[in-house]
Amino acid sequence: YAKDHGKNQFSFYFDDLKTDAKRTFTLDSELRKAISNKNEFEIYYQPKVNYQKQQIIGMEALVRWHNEILGNVSPGEFIPYAEETGLIIPLSEIILEKVCLDAHELIGNGYKMPIAINISSIHFHQPNFITSIQQILERNNLPANHFELELTERTIMNNEKETTRKLILLKHMGFKLSLDDFGTGYSSLSYLVEFPLDCLKIDQSFIKQICSVSDKQAIVHAIIQMAHRLQMSVIAEGVEQRDQVKLLGEMDCDMIQGYYYSKPVPLDEIMEFLEFWELEIEGK
Ligand code: C2E
Ligand code: MG
Ligand code: MG
Ligand code: MG
């Protein structure tokens, strides 16, 4: 009996491995195909709200992948895979191109707020990162100050002169620079002074329990005060509840992003949302 049991466990494990391997195989070939066709990717947008003014001051671009075989694959799955395989470079360029097209559509409809783009660490550390991003913007006739780059601690935390040089250059070009998922990297705070960052994005994990766990609240409050002392603005991500909005406002958090206002939505829906928002404000 014990032997059978062991064998079953083994075969379950083996089945899992086979399923995983099969999925990775399909993911790999479908991702390569999607990158060469370019039409399976779509950019969704999530608004960023200024708390004091109750205005939409920007939006974040988040890639979506609709595949015939795999269905909707989450970026949490295919972005890390693309990073492992180097596919992130052509994929990032496709995303940038799509965001530029959408930016023209938005501007054409009177929505001139900046768009935030997530930058992969692998992409950022390419020697030609700056030239490639510059070329895409030039080709699309859009200024750098229409964009915000969201970088993570992992990306800029390497004590390399090259990183500082790139960030300063990007800042000079006009990009706004934000530190995404702030608080999840285990790094020293000294780089906050060293790098020309405009904004800290407090990670969702702190926001989730902000109303119920007083330690989380203390950390968030401290981050906000520190950022302001360092002339940076602060945005809270993953805000879902009214109580969280209220508390963050009381703690002087500059901006709010999360399902409370809107989940990420396709371009036409974000334009409807923006129109509706303006009507609401005018109505008040
Ligand atoms: P991120 O940049 O930190 O994005 C925030 C994630 O939280 C997004 O997930 C967003 O849909 C989700 N989110 C926003 N508000 C809420 C909320 O109120 N509650 C909850 N539970 N979640 C919320 P998504 O779109 O699945 O993206 C996951 C991650 O994948 C992103 O984290 C980013 O690191 C990466 N990613 C997404 N799009 C891109 C892209 O175009 N390029 C690159 N390089 N990375 C991307
Ligand atoms: Mg982000
Ligand atoms: Mg984040
Ligand atoms: Mg994240």
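Bear in mind that the values here come from a model prediction, so they are computed numbers and not experimental data.

Q: I keep staring at the overall build of the protein chain and nothing clicks. Help me out?
A: Each helix and strand counted, the protein chain has 12 helices and 10 strands in total. Relative to a compact globule of 284 residues, whose C-alpha radius of gyration would be 19 Å, the protein chain shows 21 Å and is just as compact. Along the first, second and third principal axes, the C-alpha atoms of the protein chain reach 70 × 50 × 45 Å. Taking all 284 residues of the protein chain together, the buried fraction comes to 46%. For the protein chain, contacts bridging at least 24 residues in sequence account for 68% of all contacts bridging at least 6. Carbon and sulfur atoms make up 51% of the accessible area of the protein chain, which totals about 15400 Å². Where the 28 positive side-chain charges of the protein chain centre and where its 42 negative ones centre are 3 Å apart.

Q: Whenever I open this one, the packing of aromatic side chains confuses me. Can you help?
A: The geometry of two aromatic rings is summed up by the distance between their centres and the angle between their planes. Counted by the stated rule, this structure contains 8 aromatic pairs. When the centroid spacing of 5.4 Å and the interplanar angle of 80° are considered together, the rings of Trp65 and Phe78 count as edge-to-face. Here Trp65, found in strand β2 (residues 55-67), pairs with Phe78, found in helix α2 (residues 75-85); they are 13 residues apart in sequence, far enough to count as distant. Using a relative accessible area of 1% as the deciding quantity, one classes Trp65 as buried.

Q: Where do I start with the coordination of the magnesium ion (ligand 2) in this structure?
A: Each donor-metal-donor angle would ideally measure 109.5 degrees in four-coordinate tetrahedral geometry, or 90 or 180 degrees in six-coordinate octahedral geometry. Around the magnesium ion (ligand 2), the protein contributes the donor atoms Glu60 (OE), Asn118 (OD1), Glu150 (OE) and Asp180 (OD), at 2.0 to 2.2 Å from the metal centre. Of the residues examined, Glu60 reaches a relative accessible area of 4% and is grouped as buried.

Q: Is there a simple way to explain the pattern of salt bridges in this structure?
A: Pairing between side chains of opposite charge can happen when the charged atoms of each approach one another. Inspection of the entire model under this criterion finds 14 salt bridges. Taking the shortest distance from any N to any O, the salt bridge between Lys33 and Glu30 comes out at 2.9 Å. Of this pair, Lys33 and Glu30 are both found in helix α1 (residues 2-37), 3 residues apart, which corresponds to roughly one turn of the helix. Residue class for Lys33 comes out partly exposed when judged on its relative accessible area of 44%. Judged by relative accessible area, which is 7%, Glu30 ranks as buried. Put simply, Glu148 and Lys48 hold a salt bridge, and the shortest N to O gap is 3.0 Å. Note that Glu148 is positioned in strand β5 (residues 147-152) and Lys48 in strand β1 (residues 41-50), a separation of 100 residues in sequence. Note on accessibility: Glu148 and Lys48 belong to one class, buried. Through salt bridges with shared partners, a single network forms among Lys48, Glu60, Glu148, Glu150, Lys176, Lys201 and Glu237.

Q: Can you walk me through the environment of Arg32 in this structure?
A: Relative to the assigned elements, Arg32 resides in helix α1. Spatially, the C-alpha atoms of Arg32 and Gly86 are 11 Å apart, while their sequence positions differ by 54 residues.

Q: Got a minute to help me understand the packing of helix α5 (residues 129-139) against helix α7 (residues 161-173) in this structure?
A: Two numbers describe how α5 lies on α7: the axes approach to 11 Å, and their chain directions differ by 20°. The angle between α5 and α7 places the two elements in the roughly parallel class. The interaxial crossing formed by α5 with α7 has right-handed handedness. Contacts between α5 and α7 involve Phe129, Ile130 and Gln134 from the first element and Lys166, Leu169, Leu170 and Met173 from the second. Grouping the constituent residues of the contact of α5 with α7 by class yields 5 nonpolar, 1 polar and 1 charged.

Q: What should I look at first to understand α7 in this one?
A: Here α7 is 13 residues long and its end C-alpha atoms lie 18 Å apart, about the 18 Å a rise of 1.5 Å per residue gives. Residues Thr163, Thr164, Lys166, Leu167 and Leu170 constitute the buried set of α7. When α7 is viewed along its axis, its buried side chains cluster within an angular range of 165° and face the same direction. In this structure, α7 carries Lys161 and His172 as exposed residues pointing more than 90 degrees from its buried face. The positive-phi residue at the C-terminal boundary of α7 is Gly174, with phi of around 115°.

Q: Explain a negative patch on the surface to me, please; I cannot follow it from the model alone.
A: A surface patch of negative charge is lined by Asp268, Glu269, Glu272, Glu275, Glu278 and Glu282. Examined against the element boundaries, Glu278 turns out to sit in helix α12 (residues 267-283).

Q: Any chance you could explain the site of ligand 1 here in plain terms?
A: Around ligand 1 there are 20 residues in total, and Arg64, Asn118, Gln204, Glu240 and Tyr259 lie nearest to it. At a separation of 3.0 Å, a nitrogen atom of ligand 1 approaches a polar side-chain atom of Gln46. In the model, an oxygen atom of ligand 1 is placed 2.8 Å from a nitrogen or oxygen of the Asn118 side chain. Of all the secondary-structure elements, those providing two or more residues to the shell around ligand 1 are β2, α2 and β6 (176-182). Here the shell around ligand 1 gets 4 residues from one element, more than from any other, and that element is β2. For the shell around ligand 1, the residue count by class is 8 nonpolar, 6 polar and 6 charged.

Rules of the game
Residues numbered from 1 in each chain as written. Chains lettered and ligands numbered in written order. Predicted model: local features only at pLDDT ≥ 70, side-chain atom pairs only at ≥ 80, totals over all residues. Heavy atoms only, no water. Helix = DSSP H or I, 4+ residues; strand = E, 2+ residues; numbered from the N terminus. Rg over C-alpha atoms; globule rule 2.2 N^0.38 Å. Buried < 20%, exposed > 50% of the residue type's maximum accessible area, 1.4 Å probe, protein only. Contact = heavy atoms within 4.5 Å. Areas by Shrake-Rupley, 256 points an atom, 1.4 Å probe, with all protein chains shown as cover. Lys, Arg positive; Asp, Glu negative; His and termini not counted. Charge placed at Lys NZ, Arg CZ, Asp CG, Glu CD. Phe/Tyr/Trp six-rings, centres within 6.5 Å; stacked < 30°, edge-to-face > 60°. Donors = N, O, S within 2.8 Å, 3.2 Å for Na, K, Ca; no water. Salt bridge = Lys/Arg side-chain N within 4 Å of Asp/Glu carboxyl O. Axes fitted to C-alpha atoms, helices over the stretch in contact; angles between N-to-C directions. Parallel < 35°, antiparallel > 145°, perpendicular 65-115°, else oblique. Left-handed = near helix turned anticlockwise from the far one by under 90°. Nonpolar A, V, L, I, M, F, W, Y, C, P; charged D, E, K, R; others polar. Expected span 1.5 Å × (residues − 1). Arc of directions from axis to C-beta. Patch = residues over 30% accessible without salt bridge, like charges linked within 9 Å, V, L, I, M, F, W, Y side chains within 5 Å. Near = heavy atom within 4 Å. Polar contact = N/O pair within 3.5 Å; in protein donor to acceptor, adjacent residues only side chain to side chain.

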